[in-house]
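Overview (structure and organization)
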Amino acid sequence: MIKFETFYYQCPRCKCWMEGHILISSMVNQSILYSDGKILNDGYITEHQKMIVCPACNHWSWVEKYEEPHITKKKPADNFYTWNSWRFYGVHFGSNEGRMALVNHYKNFLAKSDYNRDQEIYFRRMMWWAYNDLVRNKYQINIERYTSKEMSFKVWYRNRKKILQGIDLFLVHHDEYIENLSRLVDLLKSRYTPDDEEFESTNLDIIEMYRQLGDFNSAKKLLNGTSRRTYFISTIEEKVEEKDDFVFLVTG
Ligand SMILES: [Zn+2]
């Protein structure tokens, strides 16, 4: 069973309340990790949504940490908006249309708003994930998926159709995908120096970003410069050799 802690957030402009939930990580049964860093715990994204757009007045605010005084656990006396009405900006990204709507949300936001470098890194990473959501479960289209799991042919076939449509959409928008990811790599390269604690992990992120950009030579160069050898890194290496530029399932 999934356990959540409930919190409340008040819009700084119109003062309306929003309800949200935080997954209690110790209660998680299954964690899935993808190569772009997205983690699903029992099917849920546990990463806090740092940008909150008020469903009443459309004001956006940045919440770095989900702790007092920014959020409260005390239930307000007034009515509040439910999590679904503001989470992912009201987009339901279970369908390919919803996934594109989430991409477009970030795209419009980046074009029209003011933000600093760290915020841009966040938005572009989220946009990268939203694009990848279209092809994230590409591995499920294999027939082995149907034969090895207890799944009816109909369910597998319907899922496969949806994934194939997602791949088509992804390819249609591939230029914009590349534009966003290239900008993210540039931002990350200018953000951290070798003195920063985040430098090494960011470097690993950049290797995977180069691979997903189809820039296999740059990925190879950075791979040769890293001494770390994990299952994740050797899988990236294999994919670079195969010239495969899709996001993949690391564990789960
Ligand atoms: Zn508001």
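Residues numbered from 1 in each chain as written. Predicted model: local features only at pLDDT ≥ 70, side-chain atom pairs only at ≥ 80, totals over all residues.

1. Observations concerning the overall build of the protein chain
When helices and strands are tallied, the protein chain shows nine helices and ten strands. Radius of gyration (C-alpha) of the protein chain: 20 Å, near the 18 Å computed for a compact globule of 252 residues. Principal-axis analysis of the C-alpha atoms places the extent of the protein chain at approximately 60 × 50 × 35 Å. Taking contacts inside the protein chain between residues at least 6 apart in sequence as the whole, the part at least 24 apart equals 61%. (Helix = DSSP H or I, 4+ residues; strand = E, 2+ residues; numbered from the N terminus. Rg over C-alpha atoms; globule rule 2.2 N^0.38 Å. Contact = placed C-beta atoms within 7 Å.)

2. Concerning the domain arrangement of the protein chain
The parts lose accessible area when they come together, and the size of an interface is often stated as this lost area. When its domains are assigned, the protein chain resolves into domain 1 (4-90) and domain 2 (110-242). Between the C-alpha centres of domain 1 and domain 2 there is a distance of 24 Å. At the junction of the two partners, domain 1 supplies seven residues and domain 2 supplies eight residues. Class assignment of the residues belonging to the side of domain 1 that touches domain 2 gives a composition of two nonpolar, two polar and three charged. (Domains from an automatic or database assignment. Nonpolar A, V, L, I, M, F, W, Y, C, P; charged D, E, K, R; others polar.)

3. Details of the sheet that holds strand S2 (residues 17-23)
Spatial ordering of the open sheet is given by S8-S1-S2-S9, a layout of four strands whose pairing is mixed. Because the sheet does not close on itself, it has two edges, and the strands there are strand S8 (71-72) and strand S9 (80-81). (Pairing = 2+ DSSP bridges.)

4. Digging into unusual backbone geometry
Cis peptide bonds are those with omega within 30 degrees of zero, and the linkage from Glu-68 to Pro-69 qualifies with 0°. If you trace the backbone, Pro-69 turns up in the loop between strand S7 (60-62) and S8. At Asp-42, a position not held by glycine, the phi torsion is positive, near 50°. The backbone of Asn-58 shows a phi angle near 70°, a positive value even though the residue is not glycine. Position of Asn-58 among the secondary structure elements: in the loop between strand S6 (51-53) and S7. Using a count of 11 C-beta atoms within 10 Å as the deciding quantity, one classes Asn-58 as exposed. (Buried ≥ 20, exposed ≤ 12 C-beta atoms within 10 Å, placed from the backbone.)

5. Re the nonpolar core
Counting 27 residues, the largest nonpolar core has Val-103, Tyr-106, Met-126, Met-127, Trp-128, Ala-130 and Tyr-131 as its most contacted members. Where this core is concerned, the elements lending two or more residues are helix H2 (96-112), helix H3 (117-132), helix H6 (174-191), helix H7 (199-213), helix H8 (216-225) and helix H9 (231-242). Looking at this core element by element, the count peaks at seven residues for H3. If near-sequence neighbours (up to four positions away) are discounted, Val-103 is found in contact with Met-127, Ala-130 and Tyr-131. In this structure, Phe-7, Tyr-9, Met-18 and Tyr-81 belong to the second largest nonpolar core, which totals six residues. (Core = buried A, V, L, I, M, F, W, Y, C linked by C-beta atoms within 7 Å.)

6. Here we look at the pairing of strand S3 (residues 31-34)
The pairing of S3 with strand S4 (residues 39-41) spans three bridges and is antiparallel. By the bridge assignment for S4, Ser-31 is matched with Asn-41. If you look at the hairpin formed by S3 and S4, you'll find four residues sitting between the two strands, and Gly-37 has a positive phi there, around 95°. Pairing of S3 with strand S10 (residues 249-251) involves two bridges; the strand directions are antiparallel. Bridge pairing links Tyr-34 to Leu-249 in S10.

7. Remarks on the environment of Asn-142
As for its placement among the helices and strands, Asn-142 is situated in the loop between H3 and helix H4 (143-148). By C-beta crowding, Asn-142 is classed as exposed, having 12 other C-beta atoms within 10 Å. In sequence terms Asn-142 and Arg-125 are 17 residues apart; their C-alpha atoms lie 28 Å from each other.

8. Some remarks on the sheet that holds S3
Here we have four strands laid out as an open sheet, ordered S5-S4-S3-S10, and antiparallel in their pairing. Looking at strand neighbours, the two that pair on one side only are strand S5 (44-45) and S10, the edges of this open sheet.

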